[in-house]
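Read off the chains here:
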Amino acid sequence: MFEHLGRLISRHPKLIITVWLVIAVGGFTVSTVGLGGTSLFDLLSTGELRVAGTESDQAQTLLAAEEQGASLTLAAQGIAPDAKGLDDLLQKARTDLAGIDGVDSVIDPLALPGGIASPLAAPLLAKDGQGFLVVVYLKTGLSPDVESAGLAKVESRLDTLRDDISGLKPGATGIVGGTSLIVSAITGQIERDLRTGEAIALPIALVVMVLVFGGFLAASMPMLGALASIASGLGLLYGFAHVIDLDSSVVNVITLLGLGLSIDYGLLIVSRYREELHRLLTSDEGRSVRRRRGDGAVVQALIATIKTAGRTVTFSALTVAIAVAGLTVFRPSILRAFGVAGVSIVLIALLTALTLVPAALV
């Protein structure tokens, strides 16, 4: 099988590279741009880990049953709730917010019966009397699009209210927060960290491999496999995100796994290929063989590489994949996501090492 693969690669190297280029570019595009404007990072989730059937999960289910829909909160600081002119600002904001599609209720201390003197207002007031909360709840059962649009409009209006409060009393500040904003901030940071990490890791790895191989060309082969694996893996995660829940941390873990394995497997392939080619060109039987594709030396070196290093890489990848697949039997969804995505990226790294890197060498 490995010998047949080697011969196939030696005959169609440009086709194999082209196919991988299409896969990598396509995977990177759908993961960053998405289909219909929804990228991979828009589909990620984050939050506390839950294990189905546990007491904590049952408690969270009971709490969720009593909760209202999604909400956003403005925490105003540095201004007393009875400040002159504040009631008019809050009343206007309350009317505007209530008119947003999907909003169920708007709560602030001055909206309650009895105002700030009411016992119900206590949870909405700062202990020092210089701050208060404005909480906006959306209706339950909204479609994702309607909920997302509603939250965006609520956030914009609360930002305006915060600015109005700051204008009413210099020095007053406010923070708009909520679960949706926290998730958005985390996934956004994950996306930035991914770009930063790759921008640092890839050049360092390339420099190290240039020193190891003594040349840029040979060092670039494992990097080519790593880039293709990462781009293809992100595209595959985009598909998985439509089927299973993917935590935001899965992206960086899978990317690092793909980077490490691709470089590791690529190093084995390139090193063995150089050894085989050198042996053929310096041996008695190969003295008359010129170093050119089609004359036999490159084909023989590639076949020998796939039969030896390729076999090693295959068994190594399968061992890692089987080990990572064990995560799929655990109950937390994040571990199952790690398992499914981990097995996928290991197999992608294996495929790039057995096909793309050898094709580039040819």
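Residues numbered from 1 in each chain as written. Predicted model: local features only at pLDDT ≥ 70, side-chain atom pairs only at ≥ 80, totals over all residues. Heavy atoms only, no water.

### What about the packing of helix α1 (residues 2-11) against helix α10 (residues 297-325)?
Right, on to step 1. Two elements in contact, α1 and α10, have axes whose closest approach is 8 Å; the angle formed by their N-to-C orientations is 130°. When the axes of α1 and α10 are compared, the pair comes out oblique. Read as a crossing pair, α1 and α10 show a hand that is right-handed. Contacts from F2, E3, L5, G6, R7, I9 and S10 of α1 reach α10 at V299, L302, I303, I306, K307, G310, R311 and T314. (Axes fitted to C-alpha atoms, helices over the stretch in contact; angles between N-to-C directions. Helix = DSSP H or I, 4+ residues; strand = E, 2+ residues; numbered from the N terminus. Parallel < 35°, antiparallel > 145°, perpendicular 65-115°, else oblique. Left-handed = near helix turned anticlockwise from the far one by under 90°. Contact = heavy atoms within 4.5 Å.)

### Regarding the pairing of strand β4 (residues 173-177)
Right, on to step 1. Judged by which residues are buried, β4 turns out to be one-sided: G174 and V176 face inward and are buried, whereas T173, I175 and G177, on the alternate face, are not.
Right, on to step 2. Judged from the five bridges that link them, strand β1 (residues 71-77) and β4 form a sheet pairing that is antiparallel. The residue of β4 that forms the bridge with Q77 is T173. (Buried < 20%, exposed > 50% of the residue type's maximum accessible area, 1.4 Å probe, protein only. Pairing = 2+ DSSP bridges.)

### A word on the sheet that holds strand β3 (residues 131-138)
One key point about sheets: their strands pair by backbone hydrogen bonds, in either a parallel or an antiparallel sense.
Right, on to step 1. On the basis of which strands lie adjacent, the open sheet formed by four strands has the order β2-β3-β1-β4 and antiparallel pairing. The strands lining the two open edges of the sheet, one partner per strand, are β2 (103-107) and β4. When strand polarity is set aside, the average angle formed by the axes of neighbouring strands in this sheet is 15°.
Right, on to step 2. Strand direction decides the pairing type here: β1 and β3, joined by seven bridges, are antiparallel. Note that in β3 the partner of A76 across the bridge is F132.
Right, on to step 3. Strands in contact with helix α6 (residues 144-168) are β1, β2, β3 and β4; relative to β1, the strand with the most contacts, it is inclined by about 10°.

That's the geometry; what it means functionally is another story.
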